Amino acid sequence: MNDYLIGLITDRSDCLNKIYDEAVKNHIPIVREDMASLLKVIVHMMKPGRILEAGTAIGYSSILMAEASSSDCIIDTVEIDPDLVVVARENIKRANLEERIHVIAGDMQDVFACLDIKYDMIFLDGAKSRYIDVYDDILRLLKVGGVLLCDNISYHGKIYDEPKFVDRKHRTIVANLRSFLERLTSDDRFVTSILETGDGIAISTRIK
Ligand SMILES: C[S@@+](CC[C@H](N)C(=O)[O-])C[C@H]1O[C@@H](n2cnc3c(N)ncnc32)[C@H](O)[C@@H]1O
């Protein structure tokens, strides 16, 4: 997205500004500005009571969603990297949000399988090749009327090519991501739209 338009939609709290700078300095991937603004709009519109996120990194998107939601919204966020779990918890504590954001250490597939709560919103931002592995748990965990957001579904544009034409290193990721998108878009329990915002987003609502 063009710098002028990014400038118009960028609106970070002081706390998020610090975490943003920390992420840039340490090369930690976080949501792009256009995705961040979309997340904020959706949280304001949906007013979720409970959000599940896969891929905490250092807590940037969790804090952003907490700031956009009401004070009784709880966010459960899952991170596989133990070092990032420590940093995320520190950042969340510094933001005074430790009562509302629970960082769960572990692999999203294992963690999702153990959860038994219904969510209003699920944000998938963990390993792209593994979205397909949590599909059935998403259905079990997402309320009817809830929203599913999946980031990076264009995978730097590689998703446009058939897997056999993708370089060997990324072939499995593209094949798995395509399987996930094909399952999601053909599932009549969801209505889905795909946006080329950020690195590509699938936004779905569960209708049955
Ligand atoms: C793009 S970053 C998340 C950024 C974060 N949502 C934000 O915008 O602030 C992806 C994160 O997913 C984590 N991750 C990768 N595979 C995972 C898995 N299987 N389970 C949980 N987390 C995973 C990575 O360690 C990384 O921190």
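Details of the structure are given in the entry above.
Residues numbered from 1 in each chain as written. Predicted model: local features only at pLDDT ≥ 70, side-chain atom pairs only at ≥ 80, totals over all residues. Heavy atoms only, no water.

## With respect to the packing of helix α3 (residues 33–46) against helix α4 (residues 60–68)
In the contact formed by α3 and α4, the axes pass within 9 Å of each other and the chain directions differ by 35 degrees. For α3 against α4, the interelement crossing comes out right-handed. Of α4, the residues touching α3 (which contributes Glu33, Ala36, Leu39, Lys40, Val43 and His44) are Tyr60, Ser61, Leu64, Met65 and Ala68. Among the residues making up the contact of α3 with α4, the classes are represented as seven nonpolar, two polar and two charged. (Axes fitted to C-alpha atoms, helices over the stretch in contact; angles between N-to-C directions. Helix = DSSP H or I, 4+ residues; strand = E, 2+ residues; numbered from the N terminus. Left-handed = near helix turned anticlockwise from the far one by under 90°. Contact = heavy atoms within 4.5 Å. Nonpolar A, V, L, I, M, F, W, Y, C, P; charged D, E, K, R; others polar.)

## A word on the site of the ligand
Surrounding the ligand, one finds 20 residues, the nearest of these being Val31, Gly55, Ser61, Glu79 and Asp125. For the ligand, a nitrogen atom lies 2.8 Å from a polar atom in the side chain of Asp125. Here a nitrogen atom of the ligand and a backbone polar atom of Ala127 are 3.4 Å apart. Expressed as a share of its isolated accessible area of 600 Å², the protein-covered part of the ligand is 88%. Comparing atom positions with the cavity grids shows the ligand to sit within the largest pocket. Sorting the residues of the shell around the ligand by element identifies α4 and β2 (74–79) as the ones contributing at least two each. Its residues assigned to classes, the shell around the ligand comprises 10 nonpolar, five polar and five charged. (Near = heavy atom within 4 Å. Polar contact = N/O pair within 3.5 Å; in protein donor to acceptor, adjacent residues only side chain to side chain. Areas by Shrake-Rupley, 256 points an atom, 1.4 Å probe, with all protein chains shown as cover. 1 Å grid on protein atoms, 1.4 Å probe; cavity = no way out; pocket = protein on both sides within 12 Å on 5 of 7 lines; lining within 4 Å. Sits in = over half its atoms within 2 Å of the grid points.)

## Structural notes on helix α2 (residues 14–25)
Its 12 residues place the ends of α2 17 Å apart at the C-alpha level, agreeing with the 16 Å of an ideal helix rising 1.5 Å per residue. In this fold, the buried residues of α2 make contact with α4 and α5 (82–94). (Expected span 1.5 Å × (residues − 1).)

## Looking at the nonpolar core
Across soluble globular proteins, nonpolar side chains show a tendency to be buried alongside one another. Membership of the largest hydrophobic core comes to 34 residues, with the highest contact counts inside it found for Met35, Leu39, Met65, Met121 and Leu149. Where this core is concerned, the elements lending two or more residues are α2, α3, α4, α5, β3 (101–105), β4 (119–124) and β5 (142–151). The contact partners of Met35, leaving out residues within four places of it in the chain, are Phe123, Leu149, Asp151, Thr197 and Ile201. With 30 residues, the next largest nonpolar core counts Leu124, Tyr135, Leu139 and Leu184 among its residues. (Core = buried A, V, L, I, M, F, W, Y, C linked by side-chain atoms within 4.5 Å. Buried < 20%, exposed > 50% of the residue type's maximum accessible area, 1.4 Å probe, protein only.)

## Let's talk about the packing of aromatic side chains
The tally for this structure, following the rule as stated, stands at four aromatic pairs. Plain terms: the ring middles of Tyr135 and Phe180 are 6.0 Å apart, the flat faces sit at 75 degrees to each other, and that makes the pair edge-to-face. Here Tyr135, found in helix α7 (residues 135–141), pairs with Phe180, found in helix α8 (residues 168–186); they are 45 residues apart in sequence, far enough to count as distant. With centroids separated by 6.3 Å and ring planes inclined at 75 degrees, the aromatic side chains of Tyr135 and Phe190 adopt a geometry described as edge-to-face. Within this pair, whereas Tyr135 is found in helix α7, its partner Phe190 is found in strand β6 (residues 190–195), the two being separated by 55 residues in sequence. No difference in accessibility class separates Tyr135 from Phe190, as the two residues are buried. (Phe/Tyr/Trp six-rings, centres within 6.5 Å; stacked < 30°, edge-to-face > 60°.)

## A closer look at the environment of Asp188
Secondary-structure assignment places Asp188 in the loop between α8 and β6. By relative accessible area, which is 49% here, Asp188 ends up partly exposed. Along the chain, Asp188 and Val86 lie 102 residues apart, while their C-alpha atoms are 40 Å from each other. Once you skip the residues sitting within four places of it in the chain, Asp188 turns out to touch Ile207 and Lys208.

## As for the pattern of salt bridges
Overall, the coordinates contain 11 salt bridges when judged by the stated rule. Here Arg12 makes a salt bridge to Glu33, at a shortest N to O gap of 3.0 Å. Here the residue Arg12 occupies a position in the loop between α1 (3–9) and α2, and Glu33 occupies one in helix α3, the gap between them amounting to 21 residues. Overall, Arg12 belongs to the partly exposed group, its relative accessible area being 21%. (Salt bridge = Lys/Arg side-chain N within 4 Å of Asp/Glu carboxyl O.)

Fair warning: the whole summary comes from geometry, so function is off the table for now.
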